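# Summary of structural features
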Amino acid sequence: FTKGHCVIHASAGCGKTSLLTQWWAALRTRKIASAWLSLDRDDNEPRLFTAYLVASVKKAVRGQRNVTDLLDRNLPDIPPKSIVALLINALTEFKDRIVIIIDDYDCITNDNIHELLQLLLTRAPGNVHVTLSGRSTPPIDLADLAIRDKLLNISAADLRVSLEEADQLFRQSSHPELSLSRDDISMLLDRTEGWMMAMQMVKLWSFGRKDRAELIRSFSGRMTDLAQYLSEQVYGGLDEELQEFLMSTSLFERINGDLANAVCGCTNSWNLLEDLERRELFIYAIDMQRRWYRYHRLFREFLHERLQRQYPQRINEIHSAAATWFAQHGYLAEAIRHTKDEETSLIVAELVEQAGGWRLYLEGNQSLLRLALKSFDQTVISRFPRLTLGNVYCLLKEGKISEARREFEQVKKASQDFSELNCRKLDSVIKAESTLIDYCIAGYEDKPVTGGDLDILESLRGSFPENETLLKGIINTTLCLNCLSAGMDDRAIEAGDQAIADFRTIHSAYGELFIYFHEGRACLSQGRLRDAEAMYREGQNMVLKHFRDDSALTAIAASYMGEVLYKGNHLQEAKRQIELALPTIDNYDAWFEVYHAAYLTAAAVARATEGVVSAGETLARMRHIGQIRGISRLKAFADIQATANLLWAGRVDEARAIVEENKMETGFRNYRPDNLAGQMLYEYQGITLARLEIAQKHYRLAIEYFDLVQPDMERRGHLLRLLECEILRAIAYFSNGDRISALHSLSRAVTRALFEKLKRPFIDEGLLMLPVLIELIRDSRMKGSNRLRDAFMSEIRTSIESETRIARRRERHGILSAREQDVLKELSRGLSNKEIARHLEVGENTVKYHLKNIYGKLGVDSRESAVIAAERMSLLM
């Protein structure tokens, strides 16, 4: 106990478990309390993990009532983090030393469990010593323990068999015929490099042979060949019953006597397993109670291959028997993996249906649902409504929106609108669930929201039993998103708050996550930049904490965060977020609001940092995504942004052509206030048409447009767009010679933006903004300065002047954007796309996108030609 905790990490067969077993025996001999917990892949659930951990500790401190009383609680009702805290408190009451051994920790991939273990390691009292063992270093922070000399780190190098240990293994064996000379052992050590598993196999290989020394000398040292050769030698010496037993049980990652009895049709499997263990025939108990065993991987592969050669007809029978046994005992994932025939598929599919079907996705069991859908034939899936909806939902989350809609409509028709399926009546809850899925698909399709849709969702809120909290959370989420699309931001936030409460009740981080994105979007529309950023950061933190490896969620979070960072004029941070997001959302799970935020921000950042041409390329990409995803609004908003970009660049005729081509004036004039789906487009069109009139010096016409759209914005609370109107109104007044009205409008805009630090709406207007802004700063100082207000306006002025200078230099420099020049320079060094992406800290798809633009601008079609053309045009200087 010279160290606080211990970590053992080494590859399979290096002797980790052997070392722990010997230590375990020594601890028990010395009467030191010790708990042993062996893990497997199915333990990747925090509640299951904490339950096993507490159970092992309770067994180790049996008789200590002051400890066990603390742990004798209704643990399923307590959050896992609280259970660990309770365990730490209980261990504090236990004054003696206690060792907690956690074996095969590399099976754990759940970040929540890593966090729980981190808590245990850092807060456990001094009498508690935790030992972790696995094939890799556990993904938790051990640096602080190591710095404080509270960690013993044992690697594969430390576990290599020494000459003395090898000598003990062979010369002091209980079987004299296994003994080897010192020279033979030294040779074996040299050839095996001290790998414990090889030693054990050689020990078995040598059993009963008189030419053991010669066999050692001819030993090749190639581990794969050795494993196959030794397995054959060991297997060939076994009786027929044991051979068949080994083959029949080789299909499983873990085996116990009851499972073996079920698949082998015998009753003595427990005895056979214990006999195999006693004879050290490549089998290991994976828990201290010896309830589960596993074979060495190489030996299991050998047995499996032999089964396929000798009894191929038995494989499906074994799988079927195993699937039935696993299903009966609640091991759903393993039951699915062993399902190979239709009869068993129906049994297991029924269990998946009862477990929730599509709901599994929202409960964090996406992998289980996907495994079921991949394993079952479509004819089986179609017999279960929630499983069928699971197939639809997974297609949706994979970005296959058309396929999801087609699949949904097929099952809707087959079930008579989810009232009957396979001659079985469906209850009202399933009908309501189907309605929710329908609205989810519609959201991805960007179908227009109507007042009737909102009424239907409101009515669904009261259609579920009280215990259906998950479904209530989904309804509130759907209502939140639809209200957001309808421009009802306050109502969206209200529904979102209720959804968060629902999901927190059932500890659904996945469900709760999306609400922060929706509510953040509503806050931004209301001009509440700080609240929007707080919402987005909460969502982004949840992604990092719970779904670190989910690139789609990471990209969605980055899309929204990039938008809010841009509005606050944090250009480089916004650019990093957007470049992270775009390559992923193009291919995976995203909807209109995500694309709208990501692409308009990307175009705005590109215009500010690289110029109008680069911004136009981004908007072209936005139109393309809208076309292939069937989201027509993306094209409309891309055209609106393109018009603004051209007007900022002074290209009025081109901007007017876009307005006329898209009949923006007609669309704007035909809008009706009851058209919920078109209100956002109406507001943007009004601002764009006013902007065009300003560029054409028709200032009074511009003001008329503002008079039309601003009352609607004020009524709906759309303060971000209202801010843009006030800024443009100030420019129109000032350009028309009405200084007082201009200063009044700009002053209102500054007041709205000041405390939220909304800078970009001012900066984006560039030189048009500058004269009236300078006049307002001068007027403010004459009337008595407000330092905070003056500083805010001065920062905006500085940014406008700085970006104007940079833009002018950029126009003189050349035809490529700054990012394209970066890519071209890396290309000239001979780097691959992947290497360029790593150097520039962008996605590989982003590099491909820039290369395509470079080829087009330089009139080339290859990497080599691009470099040659760039050198000729002096673009690489």
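Let me sum up the structure you'll find in this document.

Rules used throughout
- The residue numbers shown here count from 1 along each chain, following its written sequence.
- Only residues with pLDDT of at least 70 are given local features in this predicted model, and only at 80 or more are side-chain atom pairs given and counted; all residues enter the totals for whole chains, interfaces and linings.
- Only hydrogens and water are set aside; all other atoms, that is, all heavy atoms of the structure, feed into the side-chain values.
- We count a stretch as a helix when DSSP gives it H or I for four or more residues in a row; a strand needs E for two or more, and each element gets its number in order from the N terminus.
- Think of it in three bands: residues with accessible area under 20% of the maximum for their type are buried, residues over 50% are exposed, and the middle band is partly exposed, with areas taken using a 1.4 Å probe on protein chains only.
- Method for areas: the Shrake-Rupley scheme with a 1.4 Å probe, in which residue coverage is limited to the protein chains shown.
- Centres within 6.5 Å are what make two rings of Phe, Tyr or Trp a pair, Trp counting through its six-membered ring; a difference in plane orientation under 30 degrees is then read as stacked, over 60 as edge-to-face, and the rest as tilted.
- In this analysis the charged atom, NZ for Lys or CZ for Arg, is taken to sit over a ring once it is within 6 Å of the ring centre and within 35 degrees of the ring normal.
- Note on geometry: axes are C-alpha line fits, over the in-contact stretch for helices, and angles between N-to-C directions span 0 to 180 degrees.
- Any angle that is under 35 degrees is reported as roughly parallel, and any over 145 degrees as roughly antiparallel; angles of 65 to 115 degrees are reported as roughly perpendicular and all others as oblique.
- Should the near helix be turned anticlockwise from the far one by less than a right angle, the crossing is termed left-handed; should it be turned clockwise, right-handed.
- Contacts between residues were defined by any pair of non-hydrogen atoms, one from each residue, lying within 4.5 Å.
- Basically, the charged four are Asp, Glu, Lys and Arg, the nonpolar ten are Ala, Val, Leu, Ile, Met, Phe, Trp, Tyr, Cys and Pro, and anything else, Gly included, counts as polar.
- Definition used for salt bridges: Asp or Glu carboxyl oxygen within 4 Å of a side-chain nitrogen of Lys or Arg.
- Nonpolar cores are built from buried Ala, Val, Leu, Ile, Met, Phe, Trp, Tyr and Cys residues. Side-chain atoms within 4.5 Å join them into one set.

Counting its secondary structure elements, the chain contains 47 helices and nine strands. The 877 residues of the chain split such that 56% are buried. Surface summary for the chain: the accessible area is close to 39300 Å², and the carbon and sulfur share equals 49%.

Scanning all chains against the criterion turns up 24 aromatic pairs. Look at Phe 514 and Trp 591: their rings are 6.0 Å apart centre to centre, the planes differ by 55°, and that puts the pair in the tilted class. Of this pair, Phe 514 sits in helix H28 (residues 509-525) while Trp 591 sits in the loop between helix H31 (571-585) and helix H32 (592-609), placing them 77 residues apart in sequence. Note on accessibility: Phe 514 and Trp 591 belong to one class, buried. Ring geometry for Phe 668 against Tyr 705: centres 5.5 Å apart, planes inclined by 65°, an arrangement best described as edge-to-face. Within this pair, whereas Phe 668 is found in helix H36 (residues 664-669), its partner Tyr 705 is found in helix H38 (residues 699-716), the two being separated by 37 residues in sequence. Here Phe 668 and Tyr 705 have matching classes, each one buried. Every member of this aromatic cluster is reached through a ring pair, and the members are Trp 358, Tyr 361, Tyr 393, Tyr 444, Tyr 510, Phe 514, Phe 517, Tyr 536, Phe 547, Tyr 560 and Trp 591. The ring of Tyr 331 is capped by Arg 254, whose NZ or CZ atom sits 4.9 Å from the centre of that ring. Lying across the ring of Phe 592, Arg 633 places its NZ or CZ 3.7 Å from the centre.

This part takes up the packing of helix H44 (residues 818-828) against helix H45 (residues 833-840). In the contact formed by H44 and H45, the axes pass within 10 Å of each other and the chain directions differ by 125°. It follows that H44 is oblique to H45 by the angle criterion. Of the two possible hands of crossing, H44 and H45 adopt the one that is right-handed. When H44 is examined against H45, the residues Arg 819, Asp 822, Val 823, Glu 826 and Leu 827 are found in contact with a partner set consisting of Ile 836, His 839 and Leu 840. Residue composition of the contact of H44 with H45, by class: four nonpolar, one polar and three charged.

Here we come to the pattern of salt bridges. Counting across every chain of the model gives 51 salt bridges. Asp 40 serves as the salt-bridge partner of Arg 254, at 2.7 Å between the closest nitrogen and oxygen. One end of the pair, Arg 254, is in the loop between helix H12 (240-248) and helix H13 (257-264); the other, Asp 40, is in the loop between strand E2 (33-38) and helix H2 (46-60), and 214 residues separate them in sequence. Assigned by exposure class, Arg 254 and Asp 40 land together as buried. With a shortest N-O distance of 3.5 Å, Lys 447 and Glu 445 are connected by a salt bridge. Since its relative accessible area comes to 45%, Lys 447 is described here as partly exposed.

Burial of nonpolar side chains together is a common tendency in soluble globular proteins. Ranked by size, the top nonpolar core spans 207 residues in total, and within it Phe 376, Leu 746 and Phe 762 carry the most contacts. The element contributing the most residues to this core is H32, with 12 residues. Counting residues in each nonpolar core, the second largest holds 33 residues, with Leu 39, Ile 98, Ile 108 and Leu 117 among its members.

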